[in-house]
Amino acid sequence: MDKKTNVISYDKDIGLDCDDKEVVTLRDKTNKEVYGVSFKTEDKIEYDKNGEIISLFEGMYCFAYFDAETLELLYIHKKSGYIEVDGSY
């Protein structure tokens, strides 16, 4: 069963630095030149009616892998697995 998530959206600026280009072995065991971009997801904070914090889920650090030729997002790697382009994990 695939699950869906909204960890990243295309309207977020996560910073792509051309110095980050490298050849990596992808999950399908192929070698590809990619840009690896690290970023942190947004914190999720809930407040009660008095404005006090009732829950806090700190964002996680992830790595997005972009094809160096097409700049297409290949997938996102996070601590507990991978997120595909369609949002499934």
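Source: prediction; values computed, not measured.

**Q** When you look at the packing of aromatic side chains in this model, what are you seeing that I'm missing?
**A** How two aromatic rings sit relative to each other is set out by the distance from centre to centre and by the angle between their planes. Counted by the stated rule, this structure contains one aromatic pair. Ring plane angle 45° and centroid distance 5.4 Å describe the contact between tyrosine 65 and tyrosine 75, whose orientation is recorded as tilted. Taken together, the positions of tyrosine 65 in strand 5 (residues 61-67) and tyrosine 75 in strand 6 (residues 73-78) put the pair 10 residues apart, joining distant regions of the chain. Between the NZ or CZ atom of arginine 27 and the centre of the ring of tyrosine 75, over which it lies, the distance is 4.4 Å.

**Q** I keep staring at the environment of glutamate 33 and nothing clicks. Help me out?
**A** With respect to the secondary-structure elements, glutamate 33 resides in strand 2 (residues 31-40). Taking the C-alpha atoms as reference points, glutamate 33 and aspartate 67, separated by 34 residues in sequence, lie 6.6 Å from one another. Other than its neighbours up to four places away in sequence, glutamate 33 contacts Lys21, Glu22, Val23, Phe66, Asp67 and Ala68.

**Q** Explain the nonpolar core here, please?
**A** Generally speaking, soluble globular proteins have nonpolar side chains that are buried together. In terms of nonpolar packing, the biggest core is built from 10 residues, these being Tyr35, Val37, Phe39, Cys62, Ala64, Phe66, Ala68, Leu73, Ile76 and Ile83. Going through the elements one at a time, strand 2, strand 5 and strand 6 are the ones with two or more residues in this core. For cysteine 62, the contacting residues outside a window of four places in its chain are Val37, Ser38, Phe39, Thr41, Ile76, His77 and Lys78. One finds Val24, Leu26, Val34 and Tyr75 within the second-largest nonpolar core, a separate group that totals five residues.

**Q** What is the right way to read the confidence of the model for the protein chain from this model?
**A** When pLDDT is low, close inspection of the predicted coordinates is not appropriate. This prediction gives the protein chain a mean pLDDT of 79; 78% of its residues lie at or above 70. Strand 3 (residues 44-47) holds the highest mean pLDDT among the elements of the protein chain, 90, whereas strand 7 (residues 81-83) holds the lowest, 78.

**Q** Hey, could you run me through the pattern of salt bridges in this one?
**A** Applying the stated criterion across every chain, the model contains one salt bridge. Across the pair aspartate 67 and lysine 32 runs a salt bridge, and its minimum N-O distance is 3.1 Å. Pair noted here: aspartate 67 is in strand 5 and lysine 32 is in strand 2, with a separation of 35 residues, a long-range link.

Calculation notes
Each chain has its residues counted from 1, following the order in which its sequence is written. In keeping with the predicted nature of the model, local features appear solely for residues at pLDDT of at least 70, side-chain atom pairs appear and are counted solely at 80 or more, and the whole-chain, interface and lining totals rest on all residues. To get the side-chain values, all heavy atoms of the structure are used, and hydrogens and water are removed first. Pairing of aromatic side chains requires ring centres within 6.5 Å, counting the rings of Phe and Tyr and the six-membered ring of Trp. Pairs whose planes differ by under 30 degrees are stacked, by over 60 edge-to-face, and all others tilted. Only DSSP runs of H or I covering at least 4 residues are called helices, and only runs of E covering at least 2 are called strands; the numbering of each starts at the N terminus. We count a charge as sitting over a ring when the NZ of a lysine or the CZ of an arginine lies within 6 Å of the ring centre and within 35 degrees of the ring normal. Pairs of residues are marked as contacts when any of their non-hydrogen atoms sit within 4.5 Å. Nonpolar core, defined: a set of buried Ala, Val, Leu, Ile, Met, Phe, Trp, Tyr and Cys residues in which side-chain atoms within 4.5 Å join the residues together. Type-normalised accessible area, obtained with a 1.4 Å probe on protein chains alone, sets the label of each residue: buried when under 20%, exposed when over 50%, and partly exposed for intermediate values. Per-residue confidence from the predictor is given as pLDDT, running between 0 and 100. Any Lys or Arg side-chain nitrogen located within 4 Å of an Asp or Glu carboxyl oxygen qualifies as a salt bridge.

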